[in-house]
Amino acid sequence: MKKRIKAAPALGFLLLLVLIIAGAGKALALSAGKRFIEEEKKMPETAMEGLLEDLVSGDFSDLYRETQAVRPNLDSEAGYTAYLEGLLDHYGREALTYRNVDGEWRIYAGDTYLAEAVVQEDAEGNMCAALPLEGNGTAIIEVPAGTELKINGNVLGKEYLKESDVPAVNCEQFPVTAEKVSVDVYEVGPLLGEPEADEWVLLKDVLSGHYLAGKEVTDEALLEEMIRDAELLAAYPAQDASLAQVAAVSLTNTTWYSRYATLQNYWFTSHSTSEFSNAQVLKAVYQSDDVIAAHIVFDYYADNGEVHRTWHCGYQLTFVQTENGWKIAGTAINNELNPATVLPQ
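These numbers come from a predicted model, not from an experiment. (Residues numbered from 1 in each chain as written. Predicted model: local features only at pLDDT ≥ 70, side-chain atom pairs only at ≥ 80, totals over all residues. Heavy atoms only, no water.)

1. Comments concerning the overall build of the chain
Here comes step 1: Along its length, the chain carries 7 helices and 15 strands.
Here comes step 2: Accessible surface for the chain amounts to roughly 20000 Å². Of this, 52% is attributable to carbon and sulfur atoms. (Helix = DSSP H or I, 4+ residues; strand = E, 2+ residues; numbered from the N terminus. Areas by Shrake-Rupley, 256 points an atom, 1.4 Å probe, with all protein chains shown as cover.)

2. Observations concerning the environment of serine 242
Here comes step 1: Here serine 242 shows up in the loop between α5 (220-235) and α6 (243-248).
Here comes step 2: Given the relative accessible area of 33%, serine 242 is considered partly exposed.
Here comes step 3: The sequence separation of serine 242 and leucine 232 amounts to 10 residues, and the corresponding C-alpha distance is 8.6 Å. (Buried < 20%, exposed > 50% of the residue type's maximum accessible area, 1.4 Å probe, protein only.)

3. Some remarks on the sheet that holds strand β2 (residues 104-109)
Here comes step 1: The 4 strands lie next to each other as β1-β2-β3-β4, forming an open sheet whose pairing is antiparallel. The sheet is open, and its two borders are formed by β1 (96-101) and β4 (127-130), each paired with just one other strand. The average angle at which neighbouring strand axes cross in this sheet is 35°, direction not considered.
Here comes step 2: Judged from the 5 bridges that link them, β2 and strand β3 (residues 112-121) form a sheet pairing that is antiparallel. Looking at the pairing, tryptophan 105 lines up with alanine 117 of β3.
Here comes step 3: Along the sheet, helix α2 (residues 44-57) contacts β1, β2, β3 and β4; its crossing angle with β1, the most-contacted strand, is approximately 150°.
Here comes step 4: Relative to the sheet, helix α3 (residues 61-70) contacts β3 and β4, its axis offset from that of β4 by approximately 95°. (Pairing = 2+ DSSP bridges. Axes fitted to C-alpha atoms, helices over the stretch in contact; angles between N-to-C directions. Contact = heavy atoms within 4.5 Å.)

4. Here's the deal with the pattern of salt bridges
Here comes step 1: If you walk through the whole model with that rule in mind, you get 6 salt bridges.
Here comes step 2: Between aspartate 111 and arginine 99 there is a salt bridge, with its nearest N and O atoms 3.3 Å apart. Remark: arginine 99 occurs in strand β1 and aspartate 111 occurs in the loop between β2 and β3; sequence separation between them is 12 residues.
Here comes step 3: A relative accessible area of 69% places aspartate 111 in the exposed class.
Here comes step 4: Assessed through its relative accessible area of 32%, arginine 99 is described here as partly exposed. (Salt bridge = Lys/Arg side-chain N within 4 Å of Asp/Glu carboxyl O.)

5. Here we look at the environment of serine 272
Here comes step 1: Following the sequence through the fold, serine 272 ends up in the loop between α7 (255-260) and β12 (273-288).
Here comes step 2: The spatial distance from the C-alpha of serine 272 to the C-alpha of asparagine 304 is 5.1 Å, given a sequence separation of 32 residues.
Here comes step 3: Not counting chain neighbours up to four residues away, the residues in contact with serine 272 comprise Asp303, Asn304 and Gly305.

6. Notes on the pairing of β2
Here comes step 1: By the bridge criterion, 6 bridges tie β1 to β2 in an arrangement that is antiparallel. Among the inter-strand pairings, leucine 96 is bridged to a residue of β2, identified as alanine 109.
Here comes step 2: Between the end of β1 and the start of β2, which pair antiparallel, lie 2 residues, with aspartate 102 showing a positive phi angle near 55°.
Here comes step 3: In textbook terms, the turn of a hairpin is the stretch between consecutive antiparallel strands, and for β2 and β3 this stretch comprises 2 residues, one of which, glycine 110, has a positive phi near 70°.

7. Let's talk about the pairing of strand β15 (residues 325-333)
Here comes step 1: With 8 bridges connecting them, strand β14 (residues 308-322) and β15 associate as antiparallel partners. Residue phenylalanine 319 lies in a different strand from β15, and its bridge partner there is isoleucine 328.
Here comes step 2: Hairpin geometry of β14 and β15 is characterised by an intervening segment of 2 residues between the two adjacent antiparallel strands.

8. Brief notes about α2
Here comes step 1: Here α2 is 14 residues long and its end C-alpha atoms lie 20 Å apart, about the 20 Å a rise of 1.5 Å per residue gives.
Here comes step 2: For α2, the full list of buried residues reads Ala47, Met48, Leu51, Leu52 and Leu55. Projected onto a plane normal to the axis of α2, the buried residues spread over an arc of 140° and lie on a single side. Turned more than 90 degrees away from the buried face of α2, the exposed residues are Glu53 and Ser57.
Here comes step 3: As for α2, its buried residues are in contact with α3, α4 (77-91), β1, β2, β3 and β4. (Expected span 1.5 Å × (residues − 1). Arc of directions from axis to C-beta.)

9. Examining the nonpolar core
Here comes step 1: Ranked by size, the top nonpolar core spans 29 residues in total, and within it Met226, Leu233, Ala284, Ile292, Ile296, Leu317 and Phe319 carry the most contacts.
Here comes step 2: Only α5, α7, β12, β13 (291-303), β14 and β15 provide two or more residues apiece to this core.
Here comes step 3: The greatest single-element share of this core, amounting to 9 residues, is contributed by α5.
Here comes step 4: Excluding residues within four positions of it along the chain, isoleucine 292 makes contact with Val217, Leu222, Met226, Ala284, Val285, Tyr286, Gln287, Leu317, Thr318, Phe319 and Trp326.
Here comes step 5: Within the second largest apolar cluster, 25 residues are counted, among which are Leu63, Leu87, Val119 and Leu192. (Core = buried A, V, L, I, M, F, W, Y, C linked by side-chain atoms within 4.5 Å.)

10. Points about the confidence of the model for the chain
Here comes step 1: For the chain, the average pLDDT comes to 88, and 87% of its residues sit at 70 or higher.
Here comes step 2: Segment residues 1-7: pLDDT under 50, and 1 contact once partners within four positions in sequence are set aside and those in other chains are kept. (pLDDT = per-residue confidence, 0-100.)

11. Quick look at the side chain of histidine 295
Here comes step 1: As for its placement among the helices and strands, histidine 295 is situated in strand β13.
Here comes step 2: Here histidine 295 falls in the buried class, since its relative accessible area comes to 8%.
Here comes step 3: Within the local environment of histidine 295, its side chain forms a polar contact with the side chain of glutamine 316, the two groups lying 3.0 Å apart.
Here comes step 4: Residues in contact with histidine 295, not counting those within four places in the same chain, are Leu203, Lys204, Val206, Gln280, Val281, Leu282, Lys283, Tyr315, Gln316 and Leu337. (Polar contact = N/O pair within 3.5 Å; in protein donor to acceptor, adjacent residues only side chain to side chain.)

Okay, here's the thing in structure tokens:
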């Protein structure tokens, strides 16, 4: 007599078998998908697609790091980013494509060639794309004599050194007897934009265009003192401060002060109201323990009841530490430092 298999257990067994087969199929599909993704990463086209995505999104940080790894150079990330943004703003992002021309990967905007990309294998066997760019700018950087200038982790060698142990360019107005900051002068390039240094803050001298390297001034009381001194310089020509007040915060045996003291200040329209606003130190650096270079901006407003006007001012001041405190030893005016200044078109 034949035994009959009960329906419920049989159906359960079949269902379990189907689930096992389905699970195995899913596992196989996932495994195949994972292998496909892994293989796709090894394709140069995938790396180029990723590069285009970065260009379209405007996120250039990974691209900059990848480029520095492939072809190290002296460009800062800010300079690299600004250059790329300018390039893409001009040609547009919508028509970006890549092509392989005679074994070279190139980026185009429509039919316009923009740059050559470098595609190579990383340590894990995946393809990565970099976009080396080369500018044509140079920068003169002055660092305290005997110290290193390091950019992107690289100590600059003698091939970049122009002069050694010479006075800093912003010390020209100092008294003959005064001790000037001694610097080594480097010429750096080619660059896409403004330079940056690994261990120095750079302040661009408004007269020479040299970059003055130093440690950043962060003392809030000292920064406020520098602002008050700068405002006094502006107040005297407007008859809102006396020459004696300016002399109290200055080295009076400097070339700038000898010219300033002979300045005629009676030409300024008389006014009943005046005030300073929006004053700030944009950047200040210790070139030595006793010398500071600073960029200071503020707005000056005057009103005589009939006419009123606001001046957007920008000063570069060099301060020297004396036994009577910090004194102004050098001056230069550049109102373009002030972000409120409207430049002519």
